[in-house]
Amino acid sequence: MKTTTPQSPIHPLGTRAKILLTSVFGPYAQDDAYGSRMINPMELYQNQVTRVQGGFSLRLFHRSFGLMMIHANIESPCWLLDFPTLDGFIENIRENSYDIIGIGSIIPNIGKVVKMCKLIRQYQPNTVIVVGGHIANMAGIHNRVDADYIVKGDGIKWFREYLGQKTNAPIKHPLAYSASHGRIIGVPISDKPGSTAAVLIPSVGCPVGCNFCSTSALFGGKGNFVNFYETGDELFTEMSRLERELKVRSFFILDENFLLHRKRALRLLDLMKEHNKSWMLNVFSSARVLHSYTIEQIVGLGIGWVWIGLEGKESRYRKLKDVDAKEIVKTLQNHGIRVLGSTIIGLEDHTPENIDEVIDYAIDYETVFHQFMLYTPNPGTPLYEEHQRKGTLYTEEEFSIADAHGQYRFNYRHKHIPAGLEEQFLLNAFERDFFVNGPSLARLIRTLMNGWKQYKNHPDKRIVNRFDWEVNPLRSTYAGAVWAMKKWYRHDKRMHQKMDSLLQDIYSEFGWKTRLTTPVLGMYAFVSLLNEEKRIAKGLTYEPKTFYELNSAAKDLEKASAKKRAEAKKRYGNRLVSSSPVLTN
């Protein structure tokens, strides 16, 4: 029986059911028969932001946070397998017995989901298979994937209901850092506690409901979202716990439009002031919503990084109506707030004749980071339905689902842009931005300097403390990075002068100690950059490591199993029937 989200009977074992949650298997940054593509790695920045910046590209891996949220909020014993290899996944389901296996995936990885379902049926034919994530937006998914349930939307609520738990129980946020195993200019980014932001998910879905937004579509479309934390007080309590448990003072807030919930945000600001919290927040926000706050409120909230959908010149999205997005970006970055702008290539009115103007308009924002994505009608979105009605979508025979990820080609016939030209237009955008504005790392450092100069003498010591903490790397490692970039661009007069100006500014601000240590750190960074460029030239790629985690109920079960095995060994010697870490019921 295959059903989609709404109603399902309670599993016969209820909260005694043993569950495995898993992402699709790797490797990811390679072309294979299951849908992996070298052009579509499991790295957000390298994939779609700093894609052409070579050794300057920010390389980071982000966990499967949706699976982590479910894992933390069900009472059943639950194991989480994130980024497994195919062999590792096979070994796990061959050696361990589960009552339910849940797979999270995006649409381009449907080939991997099909393969994993076949393997589960082979090794554990009686196990209930649940599939969710963005793949649930796909029409006819029931006929493509051999799963018992396709879950669209709130996976926590669905699993709680299926296991007979209270669906309105408070949300337990997982203790998780926002990224891991990062590197830039070849230098590893520390994974030590406190060096990376904690991830925080206040809500899912997006009420704005842009016609191309898969996330909005997944949770019901325009006007629909699920709040996990309704009030600023709830949010502050959770952030305080994450601060204490993870030793952090910065948060990556995974919320499509965090500041849209104005009452919650302003209450959080009041509590941060009351408790003297110098936190730094990385948020997503529309320009229109940002415009509704004062810069004092934005800085007071500790917002240090913001992702803004700029979409493109003459775009008609309501979130950009009646606001000067360029002025907003300029103001934010003058106040030390790093902006990641997102621009769409291939809107309805884009043509080969005006695309250069579109690109130049985007790079004129001079954002620290800039994402360029093709205008892609993903299944489930209003844009997809529009193209479906017009009959302009390519069939799977004409265009593989695995290639419909916004960084390669259109999955439909564009009115003005012939098939095949869009890929070069996309690369032109990335390359032009890199050429004109330089490495994002240098832009980030310049913006940090702007913030420090603006607020180092601010009367509110809470704000000064936050900026002082943020610019601390400028006194050493970031200064070394600028030294290395200056040397790298020694044959490019324009960029060399830009790096020299930035370096002299750092020296002037932070004094002789920085001036003394920078050349040493800079030479190390420069050599690392050279080695990184050589590695890239050889075609080597990065892959995330595998994570295998147990919730508290799974830990208790494994302890009990270990105790039973010890007792059995004591009684029967080495004549044990099974060495599985999980005993079957």
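For the structure, see preceding data.
Notes on the structure in this doc start here. (Residues numbered from 1 in each chain as written. Predicted model: local features only at pLDDT ≥ 70, side-chain atom pairs only at ≥ 80, totals over all residues. Heavy atoms only, no water.)

### Considerations on the pairing of strand 13 (residues 250-253)
- Both faces of strand 13 are covered, namely the face carrying Ser250 and Phe252 and the face carrying Phe251 and Ile253.
- Inspection of the sheet shows strand 10 (residues 198-200) paired to strand 13 by three bridges, in the parallel sense. In the sheet register, Val199 faces strand 13, and the bridge partner there is Phe252.
- Looking at chain direction, strand 13 and strand 14 (residues 280-284) are connected through three bridges and run parallel. (Buried < 20%, exposed > 50% of the residue type's maximum accessible area, 1.4 Å probe, protein only. Helix = DSSP H or I, 4+ residues; strand = E, 2+ residues; numbered from the N terminus. Pairing = 2+ DSSP bridges.)

### Some details on helix 7 (residues 232-246)
- A rise of 1.5 Å per residue sets the reference length of helix 7, with its 15 residues, at 21 Å; its end C-alpha atoms lie 20 Å apart and thus fit the reference within 8%.
- Looking only at helix 7, the buried set comprises Gly232, Leu235, Phe236, Glu238, Met239, Ser240, Leu242 and Leu246.
- On its buried side, helix 7 packs onto strand 10, strand 13, helix 8 (262-274) and strand 14.
- The first or second residue beyond helix 7 is Lys247, which carries a positive phi of 60°. (Expected span 1.5 Å × (residues − 1). Contact = heavy atoms within 4.5 Å.)

### Here's the deal with the nonpolar core
- Ranked by size, the top nonpolar core spans 150 residues in total, and within it Val131, Leu268 and Leu332 carry the most contacts.
- Examining the composition of this core, we find that 10 residues originate from one element, helix 18 (residues 493-537), more than from any other.
- Once you skip the residues sitting within four places of it in the chain, Leu268 turns out to touch Gly232, Leu235, Phe236, Met239, Phe258, Trp279, Leu281 and Leu301.
- Among the nonpolar cores identified, the runner-up in size contains 21 residues, and Ile345, Ile359, Tyr375 and Tyr412 belong to it. (Core = buried A, V, L, I, M, F, W, Y, C linked by side-chain atoms within 4.5 Å.)

### Considerations on the packing of aromatic side chains
- One pass over the structure, following the stated rule, counts 25 aromatic pairs.
- Between the aromatic rings of Phe56 and Trp488, the centroid separation amounts to 5.8 Å while the plane-to-plane angle is 90°, which identifies the pairing as edge-to-face. Linking Phe56 in the loop between helix 1 (44-48) and strand 3 (59-61) with Trp488 in helix 17 (residues 477-488), this pair joins segments that are 432 residues apart in sequence.
- Of the residues examined, Phe56 reaches a relative accessible area of 2% and is grouped as buried.
- With a relative accessible area of 27%, Trp488 lands in the partly exposed category. (Phe/Tyr/Trp six-rings, centres within 6.5 Å; stacked < 30°, edge-to-face > 60°.)

### Side note on the pairing of strand 14
- Counting buried residues along strand 14, five of its five residues qualify, which places the element largely inside the surrounding structure.
- Residues Met280, Asn282 and Phe284 point to one face of strand 14 and Leu281 and Val283 to the other, with burial holding for every one of them.
- Note: strand 14 against strand 15 (residues 303-311), four bridges, orientation parallel. For Leu281, the partnering residue across the bridge sits in strand 15 and is Ile303.

### Let's talk about the sheet that holds strand 8 (residues 180-184)
- The strand order across the open sheet built from three strands is 3-8-9, with neighbouring strands paired in antiparallel fashion. Strands with a single pairing partner mark the edges of an open sheet, and in this sheet they are strand 3 and strand 9 (187-188).
- Note: strand 8 against strand 9, two bridges, orientation antiparallel. Among the inter-strand pairings, Arg183 is bridged to a residue of strand 9, identified as Pro188.

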